[in-house]
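Each chain, letter by letter, is given below.
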Amino acid sequence: MLRALASLFFYARFFHRFSRVGLRRRQRRWQAYSTRLDGQTWLVTGASGGIGAAIAIEAHARGARVLAAARNPDKLAELVLAAGGSERMQPLQVDFSSVSDTRRLVQALTASDERIDVLVNNVGLLLDRFERTLEGHETSFVTNLLSHFVLTEGLHADGRFTDGAAVINMSSGGMYGAPLRLSGMAASSARQHDGMAAYAMHKRAQVELTWAWNARWLGQPRVYVMHPGWVDTPGVRTALPWFRASLRRFLRSADEAADTALWLGSTRPPIAADGGIWLDRERDPAHAFAMTRKTTADAAQLHAFLIGQVESSSSARFEGAVP
Ligand SMILES: NC(=O)c1ccc[n+]([C@@H]2O[C@H](COP(=O)([O-])OP(=O)(O)OC[C@H]3O[C@@H](n4cnc5c(N)ncnc54)[C@H](OP(=O)(O)O)[C@@H]3O)[C@@H](O)[C@H]2O)c1
């Protein structure tokens, strides 16, 4: 009952920002920008469906070479078809719920001397049921956060980013409901697992990680965190059918949700010292409620926690991050 009331309050509070209504309002302030991406390489994770596919298809249409990473080979083949069978749309079959598979992707990109202009850490899911990977992690934790960490740190350590490159972390407005807390982020049993709360914490952690990376890497690459608003995608249809049913008319399309990632990757605005999160080409505050500022961990502790989680997946020391 309490949770239902909290959800109702949350949806009412953010309706005018996260729904299509908010998009329409902000669109009026948009200005034209140079959209061509010829000669650039974009790596998009979770690229075979929903928002990731919309970003991949549009980046390709604007001239970029797109490395499209996702799990399902049939859906990846459809994506290549949607790009007219173009060689500039390159499918990469990767399971981002696996640390070792993500590390293999980094190794493969390094071995083939890839240079990345824009990385979009888009893959993510809300998983209500408790599910453990073969490596012993809770599945949504790896997919939403740990794989982003391994991929981005690995590419950075291997010098894969071009000068002036951008990393775009796809968070969620759900993070407005969660403080950064390391406990509860990666449950080890079904009893501990609360899918919705864990998702919000992963998405809050992406915000913190963004600022940790900017502090460490000083803008090479520039790291942005954004959220797409409320979007009608296969993921929402599966994870939140009641939400989709009640707000369907007000949800954004995947193409609309892709806009901010394409704009950030094209224009690469300076990193602001006071953080924030991007939505509809504007930077919003990272907190909407005082309670989410009350954290039990800071960005440095999150970074150390993630290194520990990577190392727990294998006996090998994690080479990506230099504490
Ligand atoms: N939709 C929204 O309203 C909304 C709101 C806020 C934030 N977001 C965020 O936006 C991002 C995209 O969401 P979406 O709604 O577009 O999701 P979606 O419709 O579920 O699409 C997710 C994509 O990721 C791939 N994927 C899922 N698990 C994977 C794995 N383990 N390894 C590799 N690829 C995997 C899926 O393809 P395969 O399953 O075939 O691999 C698919 O291409 C997520 O980070 C989500 O949290 C979405």
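That block above? That's the structure.
About the thresholds
Residues numbered from 1 in each chain as written. Predicted model: local features only at pLDDT ≥ 70, side-chain atom pairs only at ≥ 80, totals over all residues. Heavy atoms only, no water. Axes fitted to C-alpha atoms, helices over the stretch in contact; angles between N-to-C directions. Helix = DSSP H or I, 4+ residues; strand = E, 2+ residues; numbered from the N terminus. Left-handed = near helix turned anticlockwise from the far one by under 90°. Contact = heavy atoms within 4.5 Å. Buried < 20%, exposed > 50% of the residue type's maximum accessible area, 1.4 Å probe, protein only. Patch = residues over 30% accessible without salt bridge, like charges linked within 9 Å, V, L, I, M, F, W, Y side chains within 5 Å. Areas by Shrake-Rupley, 256 points an atom, 1.4 Å probe, with all protein chains shown as cover. Salt bridge = Lys/Arg side-chain N within 4 Å of Asp/Glu carboxyl O. Pairing = 2+ DSSP bridges. Right-handed = clockwise from strand over helix to strand, strands pointing away. 1 Å grid on protein atoms, 1.4 Å probe; cavity = no way out; pocket = protein on both sides within 12 Å on 5 of 7 lines; lining within 4 Å. Points joined across faces, edges and corners; volume = space filled by probe spheres on them. Nonpolar A, V, L, I, M, F, W, Y, C, P; charged D, E, K, R; others polar. Near = heavy atom within 4 Å. Polar contact = N/O pair within 3.5 Å; in protein donor to acceptor, adjacent residues only side chain to side chain.

1. Here's the deal with the packing of helix 3 (residues 50–61) against helix 10 (residues 254–267)
If you want to describe how two helices pack, look at the angle between their axes and the distance between the axes.
Inference 1: Their axes nearest at 8 Å, the elements helix 3 and helix 10 cross at an angle of 65°. Of the two elements, helix 3 crosses helix 10, and the hand of that crossing is right-handed. Across the interface between the two elements, Gly50, Ile51, Ala54, Ile55, Glu58 and Ala59 from helix 3 touch Ala254, Asp255, Ala257, Ala258, Ala261 and Leu262 from helix 10.

2. A closer look at the side chain of Asn122
Inference 1: Here Asn122 lies in the loop between strand 4 (116–121) and helix 6 (139–157).
Inference 2: Of the residues examined, Asn122 reaches a relative accessible area of 10% and is grouped as buried.
Inference 3: When residues no more than four places from it in sequence are discounted, the contact partners of Asn122 are Thr45, Gly46, Ile51, Gly52 and Met170.

3. Points about a nonpolar patch on the surface
Inference 1: A surface patch of nonpolar side chains, about 360 Å² in accessible area, is lined by Leu2, Leu5 and Leu8.
Inference 2: Counting through the fold element by element, Leu2 comes out in helix 1 (residues 2–18).

4. Topic: the pairing of strand 3 (residues 89–93)
Inference 1: Across five bridges, strand 2 (residues 65–70) lies against strand 3 in parallel orientation. Paired with Leu67 across the strands is Gln90, a residue of strand 3.
Inference 2: Regarding the hand of the β-α-β motif, the stretch spanning strand 2, helix 4 (residues 73–82) and strand 3 is right-handed.

5. Comments concerning empty space enclosed by the protein
Inference 1: Under the defined criterion, the tally for this structure stands at one cavity of 30 Å³ or more.
Inference 2: Computed from the structure, the largest cavity encloses a volume of approximately 40 Å³.
Inference 3: Lining of the largest cavity is provided by Trp211, Val223, Tyr224, Val225, Pro270, Ile271, Ala272, Gly276, Trp278 and Arg283.
Inference 4: Per element, the largest residue contribution to the lining of the largest cavity is three residues, and it comes from strand 6 (residues 222–226).
Inference 5: Across the lining of the largest cavity, the residue classes break down as eight nonpolar, one polar and one charged.

6. Some points on the site of the ligand
Inference 1: In the vicinity of the ligand there are 29 residues, among which Ser48, Arg71, Asn122, Tyr199 and Thr233 approach most closely.
Inference 2: Separating a nitrogen atom of the ligand from a backbone N or O atom of Phe96 is a distance of 2.8 Å.
Inference 3: Ser97 places a main-chain nitrogen or oxygen 3.4 Å from a nitrogen atom of the ligand.
Inference 4: Protein burial of the ligand: of its 880 Å² of free accessible surface, 91% is covered by the chains.

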